[in-house]
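Structural characterization, general
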Amino acid sequence: MPALELLDLRVVVDGHPAVDGVDMVVGAGERWGLIGASGAGKSLTAAAVAGLLPPAAHATGSVRVGDTELVGAAGSTLQRTRGRAVTLVAQDSATALHPLVPVGRQVAAPLRHLHGLTRRAAATRADDLLAEVGLPDGTARARPAQLSGGQRQRVALAAALACDADLLVADEPTAALDPTVARDLLAQLDRSIHSALLLVTHDLTALTAVCEHVAVLDHGRIVERGPVATVLTDPQHERTRALVDAARSLVPRTRPA
Ligand SMILES: Nc1ncnc2c1ncn2[C@@H]1O[C@H](COP(=O)(O)OP(=O)(O)OP(=O)(O)O)[C@@H](O)[C@H]1O
């Protein structure tokens, strides 16, 4: 069974068709990137997959995560699916983490509530996960404000890994980080993830670091898809060419003598 199947997904926000008929299949364990210009509909697609569309958005079509249909699903179904079948790492984890709760307890929470671990077993596993994502001993006791942005994103990644869902959705997980910290976090993601992945990014370096496949979104529609190496070296659609050219143009300017 695929980890994710989108069939004619449409998302209308304030009367505007922001996602306009997306078909996509992510096989079990596959890593897909979703790229596109600002406003193309990437985040709304990711939110639909994670069962987290904003109230103003109305989705039609089909979003199947494992064997669960999310479009039109009851709140209880969405709640049961989140964490178990799909989990999200968002752009700004500071908003996802509770400011007053030590991060170890926040990583332990899904282990207790989704996987039924005892408090002690969950705390031990949370320590292991925090170490696995490269955080130093003792991080579990820290509150989010005591950590750097990069460390908080690692905590968010550890919490997502704790869910052990079949599909991880990561929406620009490195957008708020400086390039060195971002590169480390992507390397960590690459090492730690064993499930299927949908990575939303505008950063082609991030895409190539983690994903095997890519879909290009333009005005709410997928205009090109395929293996990352093929799409980036031989882009067929003008939107893909524009994204690739923009990334290539980041060459230092040399001053005329
Ligand atoms: N909560 C919302 N209310 C109203 N309009 C929204 C909302 N969320 C998104 N939109 C609109 O839907 C369109 C798609 O937005 P989306 O955030 O999915 O784009 P994106 O491709 O992720 O862009 P970016 O790369 O800039 O994050 C945009 O025109 C945006 O303004």
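Residues numbered from 1 in each chain as written. Predicted model: local features only at pLDDT ≥ 70, side-chain atom pairs only at ≥ 80, totals over all residues.

Our working definition: UniProt positions are given in the numbering used here, feature names are shortened, and annotations may be inferred rather than shown by experiment.
Identification of the protein chain as ATP-binding cassette domain-containing protein from Actinomycetospora termitidis is taken from an unreviewed UniProt entry. Per UniProt, the protein chain carries the Subcellular location (unreviewed entry) text "Cell membrane". What UniProt states about the protein chain under its Sequence similarities (unreviewed entry) heading is, verbatim, "Belongs to the ABC transporter superfamily."

**Some words on the site of the ligand**
Applicable threshold: As used in this record, a residue near a molecule or strand is one whose C-beta atom, placed from the backbone, is within 6 Å of it. Put simply, DSSP marks the helices as runs of H or I at least four residues long and the strands as runs of E at least two long, and each gets a number from the N terminus on.
Looking at the ligand, there are 14 residues lining it, with Ala18, Ser38, Lys42, Ser43 and Leu44 nearest. By residue number, the principal contributor to the shell around the ligand is helix α1 (residues 42-49), which donates three residues.

**Remarks on the nonpolar core**
Note the threshold: Only buried Ala, Val, Leu, Ile, Met, Phe, Trp, Tyr and Cys residues enter a nonpolar core, and they are joined through C-beta atoms within 7 Å. Residues with at least 20 neighbouring C-beta atoms inside 10 Å of their own are called buried, those with 12 or fewer are called exposed, and the rest are partly exposed, where every C-beta is derived from the backbone. Here, residues touch in the contact sense if the C-beta positions derived from the backbone fall within 7 Å of one another.
Val49, Val107, Ala158, Leu167, Val169 and Leu198 are the most contacted members of the largest nonpolar core, which has 79 residues in total. Here this core gets nine residues from one element, more than from any other, and that element is helix α6 (residues 149-163). Apart from the residues within four sequence positions on either side, Val107 is in contact with Ala126, Leu129, Leu130, Val155, Ala158, Ala159 and Ala162.

**Some remarks on helix α7 (residues 179-192)**
Condition: What a helix is expected to span follows from its residue count: subtract one and scale by 1.5 Å. The directions considered for the arc run from the helix axis to the C-beta atoms.
Taking 1.5 Å per residue, 14 residues should reach 20 Å; α7 reaches 20 Å between its end C-alpha atoms and fits that length. Taken together, the buried positions of α7 are Ala182, Leu185, Leu186 and Leu189. End-on view of α7: buried residues confined to an arc of 100°, all on one side of the axis. Set apart from the buried face of α7 by more than 90 degrees, the exposed residues are Thr180 and Arg191. Where α7 is buried, its residues meet α6, β7 (167-171) and α8 (204-210).

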